[in-house]
Every structure is written in structure tokens, then in C-alpha cells.
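Examining the three-dimensional arrangement
Chain by chain, the residues:
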There are 2 protein chains.
Amino acid sequence: MPKIVDAEARRHDVVQAVFRIIASDGLERASLREVADEADLAVGSVRHYFASSDELLVFSFGAVIDRLAGRLETALASVEGAAPESPEQHNAVLNLLGQFLPLDEELAVDACVWMAFRHAARIKPVLAAEAERSHRTVAAVVGRLIMILNPGEADAQQNLVTEAERLLATMDGLCMHALLQPEWMTAEMCSDVLTAHLRSLRTAAASR
Amino acid sequence: MPKIVDAEARRHDVVQAVFRIIASDGLERASLREVADEADLAVGSVRHYFASSDELLVFSFGAVIDRLAGRLETALASVEGAAPESPEQHNAVLNLLGQFLPLDEELAVDACVWMAFRHAARIKPVLAAEAERSHRTVAAVVGRLIMILNPGEADAQQNLVTEAERLLATMDGLCMHALLQPEWMTAEMCSDVLTAHLRSLRTAAASR
DNA sequence: TCGTTTTTAGCACGAACGTGCTTCAACACC
DNA sequence: GGTGTTGAAGCACGTTCGTGCTAAAAACGA
């Protein structure tokens, strides 16, 4: 019968090549030829697994979303397992929010790719559905996090939404700055900003 | 002598065409041919004013930075002219921060273009210098704003830097979301988030 | 050993890109 | 009115892109 190749693993390899190209040269350089070279394959081989360039990009977008979502779910479980107001919970929250930031090489690649696809989705309609899913997924996690940090505020649902969007915006801004101005936005500065934001969350909750 | 054409006005027209293309189709579509078409010129004419594609892009990046910086300086003067803690000051601050957001058509174009160039600068070295200038300029304004809102904190300079970066990150995140997920991040949500952030600034200052 | 089927490799076409270079038109000055 | 400088326009070349299509290569059952 056929030559046996683990198709799923191959697709994963190709997607990894896409990630590396986006991180180093930008999404617009992630052409079939570049991807094939990076993955040590021929263009025809890549096209055997992905019918078109668009399909490859959409699949890659979905892959990075799934990776991030998986990390967030794991981190959220840690937060839920920690005692409220405890230092363990604080560290768990910092760890969760750190999943958005380019704190190491692997996270940096994911952050680059995630940002690139989301911005590209504004222009390319094929990416719109995944961008929507990306936003919903992340917003759900951050929303649950806000609920954990602001217990017993069943009435002020408006504030929960606002605070969730505020935290989400801050995280995206931090990620942007860490990617675009790494000299200014160092890991320590990220940590300082996050700590300040979490403190502001607590005092805001207490003052209501 | 030569045919008299207001070269500066022509360059401005071309840059406006670049802005429109970036806002509607993305920076990668801002080729010489597209720009020339949009500006109702021939490719050769555009190249008469801008020696190369890179020069056109760098000039356009600088133009959007200057536009934003001008609006920010004007708005900052209003903030400085208002009485501390007054509603007028609050509105002036909201107005200043609103200059970052795509609250109307013109602001939306600027926001798109600004974001696109900053992200492109991560990849294209020719844009790096302007990206650096962009960050320094905006950070200076936001830093002064934080100093105005947190008077008499000469000791805690660390906190000022952290709070400035935090506000900057939040603004960039808000801008991103308003551009990428306009259904979720409406103008009202932007206003709510900003108000919450300003409240958190005040309570944080009071608690120290 | 021989097919059969998956995998890999490659060619060819049209489109779009930046850019070097040439050509035409227009206008202010002598 | 002639003339020379400058704006406007366009051609041509090499590159890169996506994609339809064909053909070789490889691996396993018969």
C-alpha cells in the first residue's frame, strides 16, 4: 500500500515551520516556498497536506490558539486550586498572565504568531472565524479569573465585564510592548505592571 | 524654469493615499502601484517624490507619528490647564487618551496606520528608528500625564515609570481591541475601561 | 517481483512586486 | 519665441508569489 507517513506529525512540523518564519520574518513571508524550505520539504509536499496557502495559514492560526488555550486552562486550574488572597494564588495568577507574554523563546514565538494572525485577520476574511474564536476563548479565561479575584460581586456584572476587558487590554498591550520594544518592556517591567494592576483590582473591589 | 507644483502638498497627498490603503487593505498592499492608483498618479510620479518604496513608507510612518504627537500635545495642554481633581481635568484626560483610539473615521485610519507600522518595524529595519521615536514621544506624554495625576510623589519615581508603562500598555491594548474586535470593544466599553483605570490610579496613589 | 497508492518533486502560467532607465509634456525665464 | 529644468508617465527586467497539473519515487500487499 502506501508509503506510511504520520500525516498529523507532518502537519505539525509544517506548522512549526510556519511559526518560525512568522516569528523571524513576519507573516507575509510565510509563503509556500518559504515554509517548504524551512520544513525541508518541497512545495508540492506541503501542498499535499494543505490544499492551499489559506488553509495552511488558517490551520496554523488555530494551532497557536489551541496551544495558548491549553496553557491558560492549566494555569487557571492552578489559580482555582489556590487559597484566595494567598501568595500561592498571587503566583498562580502571575503565571497565568505570563502565558500571554514572550517570557522565553517558545512563548515569544507563540506571542509573535498570535499577534500576527490577529492583526492579519482584520484584512483577510479567511482568518476572521479563528480570530473570533481566539478572542472568545481568551476572554472567557480572563473573565473567570476576574470572577475568582473579585468574589461575591454577583450584582456588579457590568464591572466584571469592564475589568475583564481592562485586564485583557493590558495584557495585549504588555505583549505588544514586550515584542516591539524589548529594551523598554523587560520581564521585570512586565512583572511590575502586572503586580500594580492586580493591586488596583483588589483596591477597586474593596472600595465598592 | 520648472513646472511649479507644491511638492510638499503632493507628498502629503501621496501619504494620505498610503494611509487609506493601509487602513483598508493592510500595509503589505501599500505597493508603489497601489499607492499611485489611490493617489491618481503614475508610479513614476510617486517615485519622483519618494526615491524608493522604503523612503515612502518611512516618511508615512513619520507623518502619522507627527500627527498623533501634535494631537497629544494639544490635549496635554488642556489637561495642564485644568484644575486638579476637577471634572474638567477628568474630561481633558479622557480626551487625551481618546486620541489613541479609533473613535471616528480619521482617528481610526491613524490608529490602523500607527499599529501597522509599529508591528512592521519589528521586521523591517528601515522602520526601526521611527518606531523608537514613536515610542519615546508617546511615553513622554503619558509620563507627564501620570505625573500630573499623581502630584507630589517625587520619591516614588519607580512607581511613576511603572504606572506610565501600565497606562501605555492599556491604551495600546484598547486600541488593538477596538480595531480588531469592534463589536466587543465599543466606544462605551473604551470609556468604561478608561474610567476604571483612572479610578485605579487615584486609589493607588491614595493608598501609598 | 509486480502493482497500487501515498508521498515527493517539479514545471508552467499569470499576476504582482521594486526599480533602473528612458521618454514626453509643461512651464518659467532669457 | 526658444530653451532648459522639472513633473509625469511608462517600459523592461528580474524576483516572488499561488496554483493547476504532471511525473517520479517510495513502500507495502499480493
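Just so it is clear, the structure is predicted and the values come from calculations on it, not from any experiment. (Residues numbered from 1 in each chain as written. Chains lettered and ligands numbered in written order. Predicted model: local features only at pLDDT ≥ 70, side-chain atom pairs only at ≥ 80, totals over all residues. Heavy atoms only, no water.)

1. Describing the overall build of chain A
For chain A, the count of helices and strands is 9 helices and 0 strands. Along chain A, helices (α) and strands (β) appear in the sequence α-α-α-α-α-α-α-α-α when read from the amino end. By principal-axis analysis of the C-alpha atoms, chain A measures approximately 65 × 40 × 30 Å. Within the span of chain A, comprising 208 residues, buried residues form 50% of the whole. In chain A, once contacts between residues fewer than 6 apart in sequence are set aside, the share between residues at least 24 apart is 68%. Charge-centre separation for chain A: the mean point of 19 positive side chains lies 5 Å from the mean point of 30 negative side chains. (Helix = DSSP H or I, 4+ residues; strand = E, 2+ residues; numbered from the N terminus. Buried < 20%, exposed > 50% of the residue type's maximum accessible area, 1.4 Å probe, protein only. Contact = heavy atoms within 4.5 Å. Lys, Arg positive; Asp, Glu negative; His and termini not counted. Charge placed at Lys NZ, Arg CZ, Asp CG, Glu CD.)

2. Focus: a negative patch on the surface
A cluster of acidic residues, Asp25(A), Glu28(A), Asp25(B) and Glu28(B), forms a negative patch on the protein surface. Mapping Glu28(B) onto the fold places it in the loop between helix H1 (7-25) and helix H2 (32-38). (Patch = residues over 30% accessible without salt bridge, like charges linked within 9 Å, V, L, I, M, F, W, Y side chains within 5 Å. Areas by Shrake-Rupley, 256 points an atom, 1.4 Å probe, with all protein chains shown as cover. Salt bridge = Lys/Arg side-chain N within 4 Å of Asp/Glu carboxyl O.)

3. Quick word on the nonpolar core
Counting residues in hydrophobic clusters, the biggest one holds 139 residues, and the most contacted among them are Leu96(A), Leu97(A), Phe100(A), Leu96(B), Leu97(B) and Phe100(B). Not counting residues up to four positions away in its chain, the partners in contact with Phe100(B) are Leu68(B), Leu72(B), Ala111(B), Trp114(B), Val138(B), Val142(B), Met171(B) and Cys175(B). (Core = buried A, V, L, I, M, F, W, Y, C linked by side-chain atoms within 4.5 Å.)

4. Focus: the interface of chain B and chain A
Every contact between the two is made by 44 residues of chain B and, on the other side, 44 residues of chain A. At the boundary of chain B with chain A, total buried surface from both sides reaches about 3800 Å², with 63% on carbon and sulfur atoms. Applying the counting rule to chain B against chain A returns 0 salt bridges. Put simply, chain B and chain A have 9 residue pairs in polar contact (both at pLDDT 80 or more) between them. Of all the secondary structure elements, the ones that give two or more residues to the side of chain B that touches chain A are H1, helix H6 (105-121), helix H7 (128-149), helix H8 (157-180) and helix H9 (187-206) of chain B. Residues that form the side of chain B that touches chain A fall into these classes: 18 nonpolar, 13 polar and 13 charged. (Buried area = accessible area lost by both parts, 1.4 Å probe. Polar contact = N/O pair within 3.5 Å; in protein donor to acceptor, adjacent residues only side chain to side chain. Nonpolar A, V, L, I, M, F, W, Y, C, P; charged D, E, K, R; others polar.)

5. A few points about the side chain of His119(A)
One can find His119(A) in helix H6 (residues 105-121). For His119(A), a relative accessible area of 19% puts it in the buried group. In this structure His119(A) touches Met115(B), His119(B), Met176(B) and Leu180(B), once residues within four positions along its chain are discounted.

6. With respect to the relation of the copies chain B and chain A
Superposing chain B onto chain A takes a rotation of 180° plus a shift of 0.0 Å along the axis, which leaves an RMSD of 0.0 Å. The transformation just described matches what one would write down for a two-fold rotation axis. Taken as a fraction of all interface residues of chain B, those also at the interface in chain A reach 100%, which identifies the copy contact as same-surface. (Least-squares fit on C-alpha atoms with pLDDT ≥ 70 in both.)

7. Here we look at the pattern of salt bridges
Residues and elements named next belong to chain A. Summed over all chains, the structure comprises 24 salt bridges over all chains. In this structure, Arg 144 and Glu 80 form a salt bridge, with 3.0 Å as the shortest nitrogen-oxygen distance. Of this pair, Arg 144 sits in helix H7 (residues 128-149) while Glu 80 sits in helix H4 (residues 53-81); the two residues are 64 residues apart in sequence, bridging distant segments of the chain. According to the relative accessible area criterion, Arg 144 is partly exposed, its value standing at 36%. The class of Glu 80 is partly exposed, set by a relative accessible area of 46%. Where salt bridges share partners, they join Arg 67, Arg 71, Glu 106 and Asp 110 into one cluster.

8. Here's the deal with the packing of aromatic side chains
The full count for this structure, using the stated rule, is 6 aromatic pairs over all chains. Just above the ring of Trp114(A) sits the side chain of Arg118(A); from NZ or CZ to the centre is 4.0 Å. Stacked on the ring of Phe59(B), the Lys or Arg Arg11(B) has its end atom at 4.8 Å from the ring centre. (Phe/Tyr/Trp six-rings, centres within 6.5 Å; stacked < 30°, edge-to-face > 60°. Lys NZ or Arg CZ within 6 Å of the ring centre and 35° of its normal.)

9. As for H6(A)
At 3.6 residues per turn, the α-helix brings residues three or four places apart onto the same side. With 17 residues, H6(A) ought to run about 24 Å at 1.5 Å a step, and its terminal C-alpha atoms sit 24 Å apart, in line with that. Taking the backbone nitrogen of Glu106(A) as reference, a side-chain oxygen 3.0 Å away marks Asp104(A) as the first, capping residue of H6(A). (Expected span 1.5 Å × (residues − 1).)

10. Here's the deal with the packing of H6(A) against H7(A)
When two helices pack together, their arrangement is given by the angle between their axes and by how far apart the axes lie. Residue and element names in this part refer to chain A. Between H6 and H7, the shortest axis-to-axis distance is 9 Å and the interhelical angle comes to 125°. When the axis of H6 is compared with that of H7, the two are oblique. When the axes of H6 and H7 are compared, the crossing they make is left-handed. Where H6 approaches H7, its residues Trp 114, Arg 118 and Ala 121 are matched on the opposing element by Ala 128, Ala 131, Ser 134 and Val 138. When the residues that make up the contact of H6 with H7 are grouped by side-chain class, the tally is 5 nonpolar, 1 polar and 1 charged. (Axes fitted to C-alpha atoms, helices over the stretch in contact; angles between N-to-C directions. Parallel < 35°, antiparallel > 145°, perpendicular 65-115°, else oblique. Left-handed = near helix turned anticlockwise from the far one by under 90°.)

11. Description of the confidence of the model for chain A
In low-pLDDT regions, the fine details of the predicted coordinates are not to be read closely. For chain A, the average pLDDT comes to 93, and 92% of its residues sit at 70 or higher. Across chain A, H6(A) holds the top mean pLDDT of 98, while helix H9 (residues 187-206) of chain A sits lowest at 88. (pLDDT = per-residue confidence, 0-100.)

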